[in-house]
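Listed below are the residues making up each chain.
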Amino acid sequence: MSNKHLFLPSGFIRTPLQNGLGRYIPQLQRITLKFCKNHGGSRGVRDFIETDLMEFAKTNPGTVVYLKPRRHRYPCMVAEYLNGEREYLSCHEFSRAEIQKWLSYMCTRSGIPVMRFRKYQHTDYPSIQGVWNPFTHQAPEINVAQFPHEILSKPVDNGPTATDQLIEIFKKTQIKDPVKPEH
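Residues numbered from 1 in each chain as written. Predicted model: local features only at pLDDT ≥ 70, side-chain atom pairs only at ≥ 80, totals over all residues. Heavy atoms only, no water.

Q: Please provide a residue-by-residue account of the nonpolar core, values included.
A: Formed by 19 residues in total, the largest nonpolar core has its most connected members in Ile 31, Phe 48, Met 77, Ile 99, Leu 103 and Met 106. At the level of secondary structure, the elements contributing two or more residues to this core comprise strand 2 (28-35), helix 1 (43-51), helix 2 (53-59), strand 4 (76-81) and helix 3 (96-108). Beyond its immediate chain neighbours, meaning those up to four positions away, Ile 31 contacts Phe 56, Thr 63, Val 64, Val 65, Tyr 66, Met 77, Val 78, Ala 79, Leu 103 and Met 106. (Core = buried A, V, L, I, M, F, W, Y, C linked by side-chain atoms within 4.5 Å. Buried < 20%, exposed > 50% of the residue type's maximum accessible area, 1.4 Å probe, protein only. Helix = DSSP H or I, 4+ residues; strand = E, 2+ residues; numbered from the N terminus. Contact = heavy atoms within 4.5 Å.)

Right under this line is the structure:
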């Protein structure tokens, strides 16, 4: 027997079909709640069905909810995603709040299997020009200049400060006193 199942597969970060660039499409296609009508381990699932299922269905109109009663079996939840992946979760002895939490988690997932990331950024179309850096569009004189340099050490935009602008506005709005003729 191999221990391959003990390790997470590795891969690159990806989104299903560039989801979210236009309209967002929820990836959870259907959820099946399997439960027993009498078994004590299904109490949380039954409570969720009685109190919160209609609200869940109204807030997630793109997700089909199936209820499958089974006799003398432990409760479980099966989520099926648009990419064909299925996720199985045993709900034995779960409370109503835990069922809500797991349903919310499954609704926000993409269906892509959980994996360890090799890198945190990835592109399918790498640039042939190289990676951008802060000095990409700078003047080439900076490379050979000796610092401190008289011209290059000055600020690029040397406009009036906010204080200078306020003083100028104040001077323009000041009323000038007319000169009184002396008798």
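Having seen it, we continue.
Q: An account of the pairing of strand 5 (residues 86-90) is requested, with residue identities and associated values reported.
A: Side chains of strand 5 alternate between two faces, with Glu 87 and Leu 89 buried and Arg 86, Tyr 88 and Ser 90 left unburied. One ladder, built from five bridges, connects strand 4 with strand 5; its direction is antiparallel. When the sheet's bridge partners are listed, Glu 80 is paired in strand 5 with Arg 86. Taking the residues between adjacent antiparallel strands as the criterion, strand 4 and strand 5 are bridged by four residues, where Gly 84 takes a positive phi near 95°. (Pairing = 2+ DSSP bridges.)

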